[in-house]
Structures are given as C-alpha cells and as structure tokens.
Amino acid sequence: MNDMEHRKTNDGEGRRLDGEEEEEEEDEDEGNGRGLDAWERAYADERSWESLQEDESGLLRPIDNKTIYHAQYRRRIRSLYSSTTTARIQKGLIRYLYIVVDLSRAASEMDFKPSRMAVVAKHIEAFIREFFDQNPLSQIGLVTIKDGLAQCLTDLGGSPDSHVKALMGKLECSGDSSLQNALDLVHGYLNQIPSYGHREVLILYSALSTCDPGDIMETIQECKKSKIRCSVIGLSAEIFICRHLCQETGGSYSVALDESHFKELLLEHAPPPPAIAEFAIANLIKMGFPQRAAEGVISICSCHKEAKVGGGYTCPRCKARVCELPTECRICGLTLVSSPHLARSYHHLFPIPPFDEVSLSLLNNPHQRSSRACFGCQESLLIPGNKPTLCVACPKCKQHFCLDCDIYIHESLHNCPGCESFRHSKIVSVTEE
Amino acid sequence: MGRSAVMAPVPSKLYSDDVSLLVVLLDTNPFFWSTASLPFSKFLSHVLAFLNSILLINQLNQVVVIATGCNSCNFIFDSSSVPANPNLENGRMPALCSNLLQKLEEFVTGDEKLSKEVLAAGIGSSLLSGSLSMALCYIQRVFRTGPLHPQPRILCLQGSPDGPEQYVAVMNAIFSAQRSMVPIDSCVIGAQHSAFLQQASYITGGVYLKPQQLDGLFQYLSTVFATDLHSRRFLQLPKPAGVDFRASCFCHKNTIDMGYICSVCLSIFCKHHKKCSTCGSVFGQAQSDGNSATDRKRKTPET
C-alpha cells in the first residue's frame, strides 16, 4: 500500500486518471516485462469470455465448475464400478511396478511448461507418494530411455525416498527412444520377482516413434506370456504400437492433453487395477510384525549401519533393528509390516457403492421432508428461495449427501457416514483384533 | 453468546494460526454409562466447562459436538450456527449449555428407541466409525471455505470398548484424517485402553490419554487437550508409549509376531493353510476361471 502511494505522488502528472490506475498495478507486478496493461492482459491471457456459457433461457452465466467436476467424477466412478459385479473385487494388491520415463529428444519439447521432462518428473514424484500411500506392500522401480538405450535408474524398492532422490537429480534428454529395449530390460527384471506379485509397467512416452534393434512384436508377445501388464501414457499423440502393446497385455493407453490432464491420468494408475485372476498365483507370504523398540535402547541399525538410540523396530526373527516400516529385513529377508499397512489396502477389497443421484422431482415432493442438510457435513441442501440443489443418496442407508461430500467419501474416506452411523444397516466386515 | 451466522469471510489478520476448530465426539452409549465409575451428569459438567473454556481462549475458536450413540450418531452442537432458541437462556445456564443439553436429550431418547427395534448381539460398543466419518466430512467442508480457516482437530471422549466389526471403517477414517492432517486426540474414560484410539492418535499425530482420576477430568481436559496445534510444541504432552501395531490372526484372534498373509485378500494367518478362508484362493496354484466362479458363490464378507 505504501509503495503505491509513494509512486502516485512521485510519478507526477497523468497518473491520477482512473484509466491509468491499472498501469500502477502493473508496476507492482514484479517480473512482468510484457508491457501489456492489465486490461489488455485480460483479453490476451485470461480470456474471461471462455468461462461463460448460455443457460436454457439464453442468458449468460459463468460456467458452474462444480457440477462439471462432479459429472466427470461420476463418470470415472461408474466406469470403475461397472467392471466389477456385486461380488467382492479381486484386485492386485501386491504390485511390482516399473515406471519407464522417456528421456529422448522429444522430451525436451516445451509444449508442457517448462519442458515435458520437467513436468513428468514433478508428477512422477507425486504419483510415487500416492502409490505407496495406497499400496504399502508394493514396490516401484524407475527406468529411463535415452539415446536408444534403456537404463535402470533405481531398483525395485518399497521406500519412496530413494526414487524421489533419483528423480530430482540431473536428467538430460537426448537421442531416440526405443520401446523394445525398455520392454526387454523390464521383462528381465520382472521375471525375478515372486510369483504372487502383480507385474506392471507404466511407460510415459513423449516420442512419436521407436527405434528398435529387433522385432518389437516378439517382445510384446514375451511380455504377454510373462503376464506383465503394460500401460502407456502418451504426451504427444496416439501411436499404434503403444495401443497394440496395451491391448495385448491388458493395460490402458491414454494420451494427455495438458498438464492437469496428465496428472489425472497418472494418478489413475495409483489404485490397484482389477486383477486378472490367472496373472498372479495366490500364495501365503510370511511376514513379520515388529514391535517398536523401547526408548533409550542403543543398537546398530541394519539400514544405515550406525548406532542409534531408541526408536526403530526389531525384526521378530533375527532381532535386527530397522528404522522404518514397511521394509525387508536386511539380515534375514523377512518382510516387515505393521497392521495399519495392511489396513490401508482393505478399502480396495470392501469398496462403497457409488451414490445415486436424487432426482429433483423427488426433492420437490412435500412428503420428502427428511433431508434439508447433507448428512455428512450438515451443509444446507437448499439454495436461497427454498429450492433444493442437486444431491446424492447412498443406496444402502438412503441418507442424502452434497456433491462435495460424495467426492470426498469415495476418493478419500471410503466409509459412508450414513451406513456407519446406523447399527441396523451395518454390514459385518473383516473382523480383526 | 451472540455469534454471527455461518462462517463469514474474515480478513486474514484475524485468522492467526492459533485459531482452532474442535470437533468433540461424545460417547453416550447407555450400556457403558450405566456401569461407569463417573456418573454421566458429572461427566457432562466437566465437558461443558471445558467447551466453554475453549470458546473463551480465542474469540474465533469453534466447537462442534457429535454424539456417538450405540445405534446412531448425530450432530449435537455447532458454536458457529445461530442458536435456535435464545429463550432458553434462563439466567441459570448460558444458552450454549442449554442448547447442547436439549439436543443431547433428544438424541439419547432417539437412540434408545432404536435400541428396542434392533436385536443387538454382542453390543457394548458405540459407533465410533460413524461419528469419525461425520466429523471428517464436516472438517472437509471447513477446508472448502477457502484458505482462511481455523485449524481443525478431533477429540474423542470414549468410554465404550472397541467394536472389532468397525476395524476397517475406523482405519479408513484414520488414514483419511492423516492425509488431511487432522490430529485425532483421545481421552479414554472407560476401564480399559482402546487399541483403535491408540493407533488413531499415533498415526495422526494426536494425543492419547487415559486419565487416572476421573473426578478431575476437567483438569486433564484443560491442560492436555485445550491448546491449539501451533502451541503444542511448547508443551510437554503425554507421549505415545507402547502402541502395539502387531496384528491378530484371523483364525484365533491371537496377537502374532510373525504370520502368513494371503496375497489376494491380505488376511492374516498364524500357520500355513492350504486355502484362504476369507477369499477362498487356493495357495500355490494358478487360479483358473472355474475357481473364481465358485469363489463368488461362497458367502463373502461384503454381502
């Protein structure tokens, strides 16, 4: 505020007119050397007319982003839920995923700001954290394609930090991209994992071609035989070979339109895909549940190889100390987890059904007096004038929820507050403890 | 207690980082309170004094109370909404208390009526998962009001024992709270420790306390649970000790150190089995389509 006043007095004549005040605003913006006035910027950059649309009576009103967002979310939920029947879904909960990052010449294109590679690296980091949040027992490895060769950036591991650190290092783009080399490399690594794990590859492809040493169709058949599910997210355009690869192996292929779309497509791969039953052999995996070591105990931790005081966990089989869970004991190889890690995956096994939209005619019915507020957040479901807005209802407990609660419940909470709050509608779920 | 209507936007300099939104989950399970050492009326007087003190600490603090019954849960009190009946302030009690008490009375009567309709087997636990879910939905609504909002946290005043059938729902709520960075504090009034609440407080970074002398409950509440999140690092609060993260096996419900996990449904067993009792997968063999068809006919926990 002080600066503006200062400039007003010091700039002398011609700055007091109302039309000129926006130029002062522009002076306040640091680093904006474009030379456009603020009112000009509104046409060049912001395009405010694009956020208007016509309603039924021909009047202009701003786009209601909320209902559009909700409609997109409902389409997503429906497509996810329709592929599973009323029976409990089988999902691949123990996943071994390789992320293949294309660092060829095409990744230095600047259609994604600042460059495709930078955008990809940023979103992979977010994806890795989300992935380990939803699949704590799974492992990720990173592979890069550069100069026609595929190289392993990080090995399969269950801790997000090592992968994120590798991504933050210097990544340079050059040369051609080779899909076959990447698939061969990943195929070699994934053949070594235990048989109960689900093998997956996610390729983030920027190039429009692939430069291969041999017959890529053979490689694709090999991957199909080894039951590796390959998915591709393209950043440039749809390519036949990627489409073919995904169809053969049962993965999904999508092409990103812009950065936010890319993020959405990437995060769709975080929840476990519906398991194709023959792909992984069911097995009993031996796991340990370590206790937290007492405070003040000094021991040498097996991950950092140095003495540490207190904290940490003790492997129940060989009594070695580990710093964090979930991990594999370095001494005896036992997988160490805690019960919350397993519990994180339970919501994939017991999902809540999508809520049904309540038709407005039912809401206007004077006999339906039950819901004037969303059951979850108590937000009023009436807009001023006592007219009801769009809301949804749970098919089991019939409680009404607002659109935002619907999204929150299905994407994060995984509990229907209505079903959980009434005992007679409770369904017995997994009993433990 | 004249409060303005729902959450009008306030200039940023008023929302400093010590403004809190406290959501209290009050256990009203009559099966527990009939045998508790502290009578419910005394308990309520401690809690009401505590709620008043929260509202006095900072003018912008907000308190929401949700009752956890044994057959239902509901919102009882919201300090940011206009009091429905200002005539209740009769000079002996401020309007806050009388509003809350009236709503609580209605809730408990309603809850009891539901008891008669439901054939409750093995009851004894209250619906913690329900009230946690409602609290989290309300907190999401507060987050949606924009970048200026009070810091939310949840305080569970729980006496009833944990209901094992709620394990998955409670864990889902805990993980969602962890993601939204909402700490869950627990004050356990009952006779035994609550494993659910210990895990909840540990995972979300809240405080777990089982007061030893319930007569002084107000003292515990106001010294341990009244501070806002920002000021907590200046205090010596009870540290989590002895949180047991070991799992129980599905077959005997014993706590185990090492066990076997079904790779399909993550059920825990203490010894080697040929077949998983939860999902029916046969171990060590590739599953054919025939097997999965019979699995679906088998009674699954979901249906």
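Just so you know, these numbers come straight off a predicted model, no measurement behind them.

As for the pairing of strand E4 (residues 139-146) of chain A
All names here are of chain A. Of all the eight residues making up E4, seven are buried; the element is thus mostly covered by neighbouring parts of the structure. Pairing analysis gives seven bridges linking strand E3 (residues 95-102) to E4, with the strands arranged parallel. Pairing of Tyr96 across the sheet is with Gln139, part of E4. Following the chain from E3 across helix H5 (residues 116-134) to the adjacent parallel E4, one finds a crossover that is right-handed. Pairing geometry for E4 and strand E5 (residues 149-157), over six bridges, is antiparallel. By the bridge assignment, Val143 is partnered in E5 with Cys152.

A few points about the UniProt feature "zinc finger region: C4-type" (unreviewed entry) in chain A
Under the local residue numbering, the UniProt record ascribes the feature "zinc finger region: C4-type" (unreviewed entry) to residues 315-332 of chain A. End C-alpha to end C-alpha, residues 315-332 of chain A measures 9 Å, and it is 0% helix and 22% strand.

Brief notes about the packing of aromatic side chains
Tallied over the entire structure, the rule returns 13 aromatic pairs over all chains. On the basis of an interplanar angle of 50° and a centroid distance of 5.8 Å, the ring pair of B:Phe75 and B:Tyr138 is categorised as tilted. Of this pair, B:Phe75 sits in strand E3 (residues 73-78) while B:Tyr138 is found in helix H4 (residues 128-144), placing the two residues 63 residues apart along the sequence. In this pair, the class of B:Phe75 matches that of B:Tyr138, namely buried. Feature note: the residues A:Phe355, A:Phe375, A:Phe401 and A:Phe422 constitute an aromatic cluster, connected by ring pairs.

Some details on the domain arrangement of chain A
All names here are of chain A. If you check the domain split of chain A, you get domain 1 (90-269), domain 2 (287-349) and domain 3 (356-423). A C-alpha centroid distance of 30 Å is found between domain 1 and domain 2. The interface is formed by eight residues belonging to domain 1 together with 11 residues belonging to domain 2. Buried area between domain 1 and domain 2, summed over both chains or domains, comes out near 910 Å², and the portion from carbon and sulfur atoms is 60%. Broken down residue by residue, the surface that domain 1 buries against domain 2 is led by Leu93, Pro136 and Leu137, which jointly contribute 51%.

A word on the sheet that holds strand E7 (residues 228-234) of chain A
All names here are of chain A. The strand order E5-E4-E3-E6-E7-E8 describes an open sheet built from six strands, whose pairing is mixed. Looking at strand neighbours, the two that pair on one side only are E5 and strand E8 (253-255), the edges of this open sheet. Each strand axis lies, on average, 15° off the axis of its neighbour in the sheet, ignoring direction. Relative to strand E6 (residues 198-205), E3 runs parallel, the two sharing seven bridges. Bridge pairing in E6 places Leu97 opposite Glu200.

Observations concerning the pattern of salt bridges
Counted by the stated rule, this structure contains 15 salt bridges over all chains. Note that B:Arg179 is salt-bridged to A:Glu130, the shortest N-O span being 2.7 Å. Of this pair, B:Arg179 sits in helix H5 (residues 167-179) while A:Glu130 sits in helix H5, on two different chains. Residue class for B:Arg179 comes out partly exposed when judged on its relative accessible area of 37%. What makes A:Glu130 buried here is its relative accessible area of 19%. A salt bridge links A:Arg243 to A:Glu238; the shortest N-O distance between them is 3.0 Å. Its relative accessible area of 30% is what places A:Arg243 among the partly exposed residues. Overlapping salt bridges bring together A:Glu130, A:Asp133, A:Arg344 and B:Arg179 as one network.

Basis of the calculations
- Residues numbered from 1 in each chain as written.
- Chains lettered and ligands numbered in written order.
- Predicted model: local features only at pLDDT ≥ 70, side-chain atom pairs only at ≥ 80, totals over all residues.
- Heavy atoms only, no water.
- Buried < 20%, exposed > 50% of the residue type's maximum accessible area, 1.4 Å probe, protein only.
- Helix = DSSP H or I, 4+ residues; strand = E, 2+ residues; numbered from the N terminus.
- Pairing = 2+ DSSP bridges.
- Right-handed = clockwise from strand over helix to strand, strands pointing away.
- UniProt positions renumbered as here; feature names shortened; annotations may be inferred.
- Phe/Tyr/Trp six-rings, centres within 6.5 Å; stacked < 30°, edge-to-face > 60°.
- Domains from an automatic or database assignment.
- Contact = heavy atoms within 4.5 Å.
- Buried area = accessible area lost by both parts, 1.4 Å probe.
- Axes fitted to C-alpha atoms, helices over the stretch in contact; angles between N-to-C directions.
- Salt bridge = Lys/Arg side-chain N within 4 Å of Asp/Glu carboxyl O.

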